[in-house]
Amino acid sequence: METQRAYMMTNNSADYHPWQVTNLRTASTSGEISLKQIRKRFLYNVTALMSLSRTKTMKIASFSKLALALFVSLIVAVPVHAWDYEGHRVVNQLGLAALPKDFPAFVKTPEARERIAFLAGEPDRWRNQGDGRNPTDDVVLSHFAGPDHYFDMEDLDPLKLKPTDLPIFRFEFAGELAKLRAAHPERFDPIDPTKDADRTKALPGFAPWAITELTGKLRSSFSYLKAFQDYGGTPEEIANAQANIIYIMGVLGHYVGDCAQPLHLTRHHHGWVGPNPHGYTTNSSIHSRIDGGFFRRTGGVKADPLIEKIRPAKIINDPLKSDDLFRKVMAYLQESHQFVEPLYRLDKEGKLTPENPDSHEGRDFLEAQLVRGGQMLGDLWYSAWQQAGEDTFLIRVLKARQAAPK
Ligand SMILES: [Zn+2]
């Protein structure tokens, strides 16, 4: 009972600050819920229900109704995900295949390759901590990290903003959202505070900022690695800088991979919503089928056969224009968004149904998205390396250290 009440309190509408813009993202923003988690949540909820049912007023019939409602809520709790781990690994492996021969060798050892592939799944592991539907969920982590996985283009419509005009600064964008919400509340659906414990439902997503910011961190890491290498850094300092580069490369790959999955760029992320003149599926299961269900039922997905489709990485942005990287990232997202309707069309034609003889067309389509993701990732890694400037502060510090009497 105590825990049940605590959960209700976290969702108390009195604590709710609806500065958010719109209730456009209706599905959960948590990661895919593992069977273990479902079991854990089910057990938690059943325990809560049992303790409720022990009160005199609780009849068996209403317990059954509650249990049924709980079961249904578990069924419809649709996670927002992109590729499953296997698909994300492929994107990172394809990114590695795009790198030129002279790219730093420490990134290309078998151990580093495996670590970069493993890290492709890292941001989704953070999402496994839940989004506030249970009292033990980490809502702060979910609030901070969840919206980095997507960007629903249609959410810009009621804001009357164009993707090409958005501020390159994440918090400026968040501020604009709040202002528009306050000025034009009539444009937005109300948000149900009981379903928004991590306060993310109103956010269109921050994926383009996440990608741009991580690319900046990668560029910074290459800068300080070079400073350590050139100005007497210790073997430990150099090894740590290299480890950081590998970590950032891997994590960056996750978000680039997310944005190659067209359903991460649209409000139609779990089935078509709103007017539906073409009769596209409204079934939320389309998302998990695209994430990995299709691949799983048709022999899996591997990077090797796709590597021949990868061209060598190239510089993606003009480093002299501070907004250019963000614009290029946004263009990549807009391209992904162009594939939303083709995806729904393929689904309608049965080509994303594994049992269908035409399903090779569905596979070709999905693999092309993975290749697009890997290509973009290779370009970002390569650009960050090429454009890494001098870390003048660290160089000064290291020079002073070298000059100091031993
Ligand atoms: Zn993701």
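Since this is a predicted model, take the numbers as computed values, not measurements.

Criteria and thresholds
- Think of each chain on its own: its residues are numbered from 1, step by step along the sequence as written.
- Selection of residues for local features in this predicted model requires a pLDDT of at least 70, selection of side-chain atom pairs for listing and counting requires 80 or more, and totals for whole chains, interfaces and linings are taken over all residues.
- Secondary structure is summarised from DSSP: a helix means a run of H or I of at least four residues, a strand means a run of E of at least two, and numbering begins at the N terminus for each.
- For the exposure call, what matters is how many other C-beta atoms sit within 10 Å of a residue's own: 20 or more marks it buried, 12 or fewer exposed, and in between partly exposed, using C-beta atoms placed from the backbone.
- What counts as a contact here is a pair of residues whose C-beta atoms, placed from the backbone, lie within 7 Å.
- Structurally, a nonpolar core is described as a collection of buried Ala, Val, Leu, Ile, Met, Phe, Trp, Tyr and Cys residues joined by way of C-beta atoms within 7 Å.
- Axes, fitted as lines to C-alpha atoms, cover a helix only where it is in contact. Angles between the N-to-C directions of the axes lie from 0 to 180 degrees.
- For classification, angles of less than 35 degrees are called roughly parallel, those exceeding 145 degrees roughly antiparallel, those between 65 and 115 degrees roughly perpendicular, and all remaining angles oblique.
- Handedness of each helix crossing follows the sense of rotation of the near helix against the far helix: counterclockwise by less than a right angle gives left-handed, clockwise gives right-handed.
- Amino acids outside the nonpolar list (Ala, Val, Leu, Ile, Met, Phe, Trp, Tyr, Cys, Pro) and the charged list (Asp, Glu, Lys, Arg) are all regarded as polar, and Gly is one of them.
- Predictor confidence is given residue by residue as pLDDT, running from a minimum of 0 to a maximum of 100.

### A word on the overall build of the protein chain
Part 1 of the reasoning: Along the backbone of the protein chain there are 15 helices and 0 strands.
Part 2 of the reasoning: Counting every position in the protein chain, which comprises 406 residues, the buried fraction comes to 41%.
Part 3 of the reasoning: A fraction of 82% describes how many contacts in the protein chain between residues 6 or more apart in sequence connect residues 24 or more apart.

### Some points on the nonpolar core
Part 1 of the reasoning: In this structure, Ala 207, Ile 211, Leu 218, Leu 252, Val 256, Cys 259 and Trp 381 are the most contacted members of the largest nonpolar core, which totals 72 residues.
Part 2 of the reasoning: Those elements that place two or more of their residues in this core are helix 4 (85–97), helix 5 (110–119), helix 9 (207–230), helix 10 (235–258), helix 11 (285–297), helix 12 (324–338), helix 13 (340–348) and helix 14 (359–386).
Part 3 of the reasoning: Here this core gets 11 residues from one element, more than from any other, and that element is helix 9.

### Some remarks on the packing of helix 4 against helix 5
Part 1 of the reasoning: Packing of helix 4 against helix 5 leaves a shortest axis separation of 7 Å and a crossing angle of 140°. One finds that helix 4 runs oblique with respect to helix 5. Two packed elements cross with a definite hand, and for helix 4 against helix 5 that hand is right-handed. Touching Arg 89, Asn 92, Gln 93 and Leu 96 of helix 4 are Arg 113, Ile 116 and Ala 117, all from helix 5.

### Some words on unusual backbone geometry
Part 1 of the reasoning: Phi at Lys 160 takes a positive value of approximately 55°, unusual for a residue other than glycine.
Part 2 of the reasoning: Looking at the element boundaries, Lys 160 is found in the loop between helix 7 (139–145) and helix 8 (170–183).
Part 3 of the reasoning: The phi torsion at Arg 199 lies on the positive side, around 55°, for a residue other than glycine.
Part 4 of the reasoning: Position of Arg 199 among the secondary structure elements: in the loop between helix 8 and helix 9.
Part 5 of the reasoning: Its 22 C-beta neighbours within 10 Å are what place Arg 199 among the buried residues.

### A short note on the environment of Thr 164
Part 1 of the reasoning: With respect to the element layout, Thr 164 can be found in the loop between helix 7 and helix 8.
Part 2 of the reasoning: Among the residues examined, Thr 164 registers 9 C-beta atoms within 10 Å and is labelled exposed.
Part 3 of the reasoning: C-alpha of Thr 164 to C-alpha of Ala 331: the two residues are 167 residues apart in sequence and 7.9 Å apart in space.

### A word on the environment of Glu 355
Part 1 of the reasoning: The residue Glu 355 is located in the loop between helix 13 and helix 14 in this model.
Part 2 of the reasoning: With 58 residues separating them in the primary sequence, Glu 355 and Arg 297 have C-alpha atoms 8.6 Å apart.

### Quick notes on the packing of helix 4 against helix 10
Part 1 of the reasoning: Two elements in contact, helix 4 and helix 10, have axes separated by 9 Å at closest approach and are oriented at 115°. Accordingly, the angle class assigned to the pair helix 4 and helix 10 is roughly perpendicular. Seen along the crossing, helix 4 lies across helix 10 with a hand that is right-handed. Residues Gly 87, His 88, Val 91, Asn 92 and Gly 95 of helix 4 lie in contact with helix 10, whose contacting residues are Gly 250, Gly 253, His 254, Val 256 and Gly 257.
Part 2 of the reasoning: By residue class, the composition of the contact of helix 4 with helix 10 is 2 nonpolar, 8 polar and no charged.

### Comments concerning the confidence of the model for the protein chain
Part 1 of the reasoning: Chain-level statistics for the protein chain give a pLDDT mean of 85 and a share of 80% at 70 or above.
Part 2 of the reasoning: Confidence over residues 1–79 falls short of pLDDT 50; this stretch has 96 contacts with residues more than four positions distant or in other chains.

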